[in-house]
Amino acid sequence: MKCLSCGRWSFKIVCKECTKLFLEPSPSFRILSNGLRVDSFYNYDEIAPFLHTKHTVYGSKVFKILAKKSFLPFAKNFKSHLNIFAIAVDDGVKDGYSHTAILSNELKNESIKPLFGALRAKSSFKYSGKSLEYRKAHPREFECKVPKDSYAILIDDLVTTGSTLVEASQKLKNEGVETLFALTLANANNY
Ligand SMILES: [Zn+2]
């Protein structure tokens, strides 16, 4: 196939050279309004062309490559004495795959286990480009299937206003689940 980025022939949808050039993580973090810490592997602008494949036939392959460059090494280096669930926010299947499940699937080690389908939104409002006011007025209304008295790392592809992660962690708290922190592929603070 051809590399999505440079157009040269490649075994993967993003070639080795482009992966090295464009997909080295540059970690950052934010503290959300409820005190939740969100660590992000990339800034949105850095990987925007790759994220734009999300709703295309290449989406799952690109997300897999991104997850292997970010979530996988994070899990390798993360140690804890706790038993933790990696919980993707709303990992329902869209466009034939679940982009957040691809991310959480790479976040596993001796203490972290991905739990799929554990936090699904009942509402399906489109948040992209919407204001914080809109998001607050149209909550996701999550359904929680996480065991009580457990620990969680919340996972999403993007953090924009942070309102989804705040709502998700609040829902978990109400169900007796403590969110340790959140991990997102990209920080889209300015969107
Ligand atoms: Zn390339």
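Residues numbered from 1 in each chain as written. Predicted model: local features only at pLDDT ≥ 70, side-chain atom pairs only at ≥ 80, totals over all residues.

Within the chain, the regular secondary structure consists of 7 helices and 8 strands. Relative to the globule expectation of 16 Å for 191 residues, the C-alpha radius of gyration of the chain, 16 Å, shows essentially globular dimensions. Burial status across the chain gives 37% buried among its 191 residues. (Helix = DSSP H or I, 4+ residues; strand = E, 2+ residues; numbered from the N terminus. Rg over C-alpha atoms; globule rule 2.2 N^0.38 Å. Buried ≥ 20, exposed ≤ 12 C-beta atoms within 10 Å, placed from the backbone.)

What follows is about the pairing of strand β1 (residues 28-31). Inspection of the sheet shows β1 paired to strand β2 (residues 37-43) by 4 bridges, in the antiparallel sense. Looking across to β2, one finds that Ile31 is bridged to Arg37. The antiparallel pairing of β1 with β2 creates a hairpin that spans 5 residues between the two strands, and Gly35 there sits at a positive phi of about 90°. (Pairing = 2+ DSSP bridges.)

What follows is about unusual backbone geometry. Both trends apply: most residues other than glycine have a negative phi, and most peptide bonds are in trans. If you check the backbone angles, Glu141 has positive phi at about 55° while not being a glycine. By secondary structure assignment, the location of Glu141 is in the loop between α6 (132-137) and β6 (142-144).

Let's shift gears to the nonpolar core. By size, the foremost hydrophobic cluster in this structure holds 47 residues, and its most contacted members are Ile87, Leu103, Ala152, Ile153, Leu154, Ile155 and Leu165. Those elements that place two or more of their residues in this core are β2, α2 (44-51), α3 (59-69), β3 (84-88), α5 (99-104), β7 (150-159), α7 (163-174) and β8 (177-187). It is β7 that contributes the most residues to this core, 6 residues altogether. Ignoring sequence-local partners within four residues, the contact set of Leu165 consists of Leu32, Leu36, Val38, Val89, Leu154, Asp156, Val159 and Ala182. (Core = buried A, V, L, I, M, F, W, Y, C linked by C-beta atoms within 7 Å. Contact = placed C-beta atoms within 7 Å.)

The 6 strands are arranged β1-β2-β8-β7-β3-β4 in an open sheet whose pairing can be described as mixed. Edge positions in the sheet fall to β1 and β4 (112-114), since each has one partner strand and no second. Direction aside, neighbouring strands of the sheet carry axes that sit 25° apart on average. Packing against the sheet, α7 makes contact with β2, β7 and β8, and its axis sits at approximately 165° to β7. (Axes fitted to C-alpha atoms, helices over the stretch in contact; angles between N-to-C directions.)

With 12 residues, α7 extends 16 Å from end C-alpha to end C-alpha; this agrees with the ideal 16 Å at 1.5 Å per step. Lining the buried residues of α7 we find β2, β5 (119-121), α6, β6, β7 and β8. (Expected span 1.5 Å × (residues − 1).)

Let's shift gears to the environment of Gly162. Structurally, Gly162 can be placed in the loop between β7 and α7. Exposure remark for Gly162: the 23 C-beta atoms within 10 Å place this residue in the buried category. Linking Gly162 and Ile13, residues 149 residues apart in sequence, is a C-alpha distance of 30 Å.

Now for the environment of His99. When you line up the elements, His99 lands in helix α5. Assessed through the 26 C-beta atoms surrounding it within 10 Å, His99 is described here as buried. As a C-alpha pair, His99 and Ala67 span 32 residues in sequence and 9.8 Å in three-dimensional space. Discounting chain neighbours no more than four positions away, the residues touching His99 are Lys54, Gly59, Phe63 and Asp157.

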